[in-house]
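One-letter residues, chain by chain:
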Amino acid sequence: MKGLLIAVCGLDGSGKSTQIQKLENWFRNQQLPTLLTKQPTDYYRQDLRVREYLDNGQCGSMEALAMLAAADRIWHIKTLIEPSLKGGVSVISDRYLFSSLAYFSARGLDVQYVKQLNNGTLIPDLTVFLDVEPEILLQRISIRDGKTTKFEEREPTMFTKVREAFLNEVLPSNALIIDGTLSEEEIHKIIIGELNLIIKDKIIAT
Ligand SMILES: Nc1ncnc2c1ncn2[C@@H]1O[C@H](COP(=O)(O)OP(=O)(O)OP(=O)(O)O)[C@@H](O)[C@H]1O
Ligand SMILES: [Mg+2]
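Residues numbered from 1 in each chain as written. Chains lettered and ligands numbered in written order. Predicted model: local features only at pLDDT ≥ 70, side-chain atom pairs only at ≥ 80, totals over all residues. Heavy atoms only, no water.

An unreviewed UniProt entry annotates the protein as Thymidylate kinase originating from Lysinibacillus telephonicus. Quoted verbatim from the Catalytic activity (unreviewed entry) heading of the UniProt record, the comment on the protein is "dTMP + ATP = dTDP + ADP". (UniProt positions renumbered as here; feature names shortened; annotations may be inferred.)

The structure is reproduced here in structure tokens:
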């Protein structure tokens, strides 16, 4: 069987890493090979133009930043994700296309423009969105990190805009939207329940 592509999306502090860790353990217990990865990749994150925006809020062209993010995604999919899936390895991506669409929409770009840049992107077998209200996220981030470091985390309306973009404009119709304030274990169970259904369908179809 080809591997499954699972995208775990949500705002900063919504619990993605926590759930990805549990998911990886689950795959390991089932003796199914997995690859953990993230989008954007470090090539994009470490680009000085990107850092300038994420750290200081300065950006020469938001369109160009969206293009860099799209190019990073195509490269990542072609060189890492697709070969892994073909080799029977399931891929869990910490953020994916939908995160990029939601954040660039909240940064003021037309979402259709950003979708166009990402036309043809591989659609995941399972997209999880961990939904948490911005006030709770900011509390969680400051408890975890001691302070909010990213420029956008200091802009109070940013999280609300990103969340609205996710829910109203960018998530695919089959996304699994989960209340991220449930307990870590309850959320994990919901994800595994859906994953089992998807795996069953795939086995029947092959
Ligand atoms: N279901 C939950 N209920 C309460 N707190 C949680 C839950 N899941 C995670 N947390 C806590 O919230 C904080 C953020 O979680 P985590 O680091 O998994 O989020 P994240 O989405 O990966 O964040 P980032 O986007 O910054 O990488 C952590 O301190 C974690 O322990
Ligand atoms: Mg994380």
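S.K.: I would appreciate a short explanation of the environment of Asp145 in the present structure.
M.R.: Within the element layout of this structure, Asp145 appears in helix H7 (residues 134-145). Here the alpha-carbon distance between Asp145 and Thr160, two residues 15 residues apart in the chain, equals 21 Å. Of note is the side chain of Asp145, whose polar atom sits 2.8 Å from the side chain of Arg144. (Helix = DSSP H or I, 4+ residues; strand = E, 2+ residues; numbered from the N terminus. Polar contact = N/O pair within 3.5 Å; in protein donor to acceptor, adjacent residues only side chain to side chain.)

S.K.: What should I look at first to understand the packing of aromatic side chains in this one?
M.R.: Two aromatic rings are characterised by how far apart their centres lie and by the angle between their planes. Summed over the entire model, instances satisfying the criterion amount to three aromatic pairs. Ring centres of Tyr96 and Phe98 lie 6.2 Å apart, and the angle between their planes is 55 degrees; on these two criteria the pair is classed as tilted. The exposure class assigned to Phe98 is buried, which follows from its relative accessible area of 4%. Ring plane angle 40 degrees and centroid distance 4.5 Å describe the contact between Phe129 and Phe166, whose orientation is recorded as tilted. With a gap of 37 residues between them, Phe129 in strand S4 (residues 126-131) and Phe166 in helix H8 (residues 156-170) connect regions that are remote in the sequence. There is no split in this pair, since Phe129 and Phe166 are both buried. Over the ring of Phe104 we find Arg107; its NZ or CZ atom is 4.9 Å from the centre of that ring. (Phe/Tyr/Trp six-rings, centres within 6.5 Å; stacked < 30°, edge-to-face > 60°. Buried < 20%, exposed > 50% of the residue type's maximum accessible area, 1.4 Å probe, protein only. Lys NZ or Arg CZ within 6 Å of the ring centre and 35° of its normal.)

S.K.: Explain the sheet that holds strand S5 (residues 176-179) here, please?
M.R.: Strand pairing in a sheet relies on backbone hydrogen bonds. The paired strands run either parallel or antiparallel. Spatially, the five strands line up as an open sheet ordered S2-S3-S1-S4-S5, and their pairing is parallel. Because the sheet does not close on itself, it has two edges, and the strands there are strand S2 (34-38) and S5. Across the sheet, the mean angle from the axis of one strand to that of its neighbour is 20 degrees, orientation sign disregarded. Direction of pairing for strand S1 (residues 5-10) relative to strand S3 (residues 90-94): parallel, over a ladder of four bridges. By the bridge assignment, Ile6 is partnered in S3 with Ile92. Strand contacts of helix H1 (residues 16-29): S1, S2, S3 and S4, with the helix running at about 170 degrees to S3, the strand carrying the most contacts. (Pairing = 2+ DSSP bridges. Axes fitted to C-alpha atoms, helices over the stretch in contact; angles between N-to-C directions. Contact = heavy atoms within 4.5 Å.)

S.K.: I would appreciate a short explanation of the UniProt feature "binding site: ATP" (unreviewed entry) in the protein in the present structure.
M.R.: Under the feature "binding site: ATP" (unreviewed entry), the UniProt entry names Gly10, Leu11, Asp12, Gly13, Ser14, Gly15, Lys16 and Ser17. Tracing the backbone shows Gly10 in strand S1. Judged by relative accessible area, Gly10 falls into the buried class, the value being 0%. Sequence-distant contacts of Gly10, that is, excluding residues within four places in its chain, are made with Lys16, Arg95, Ser99, Tyr103, Phe129, Leu130 and Phe166. Of note, Ser17 is situated in helix H1.

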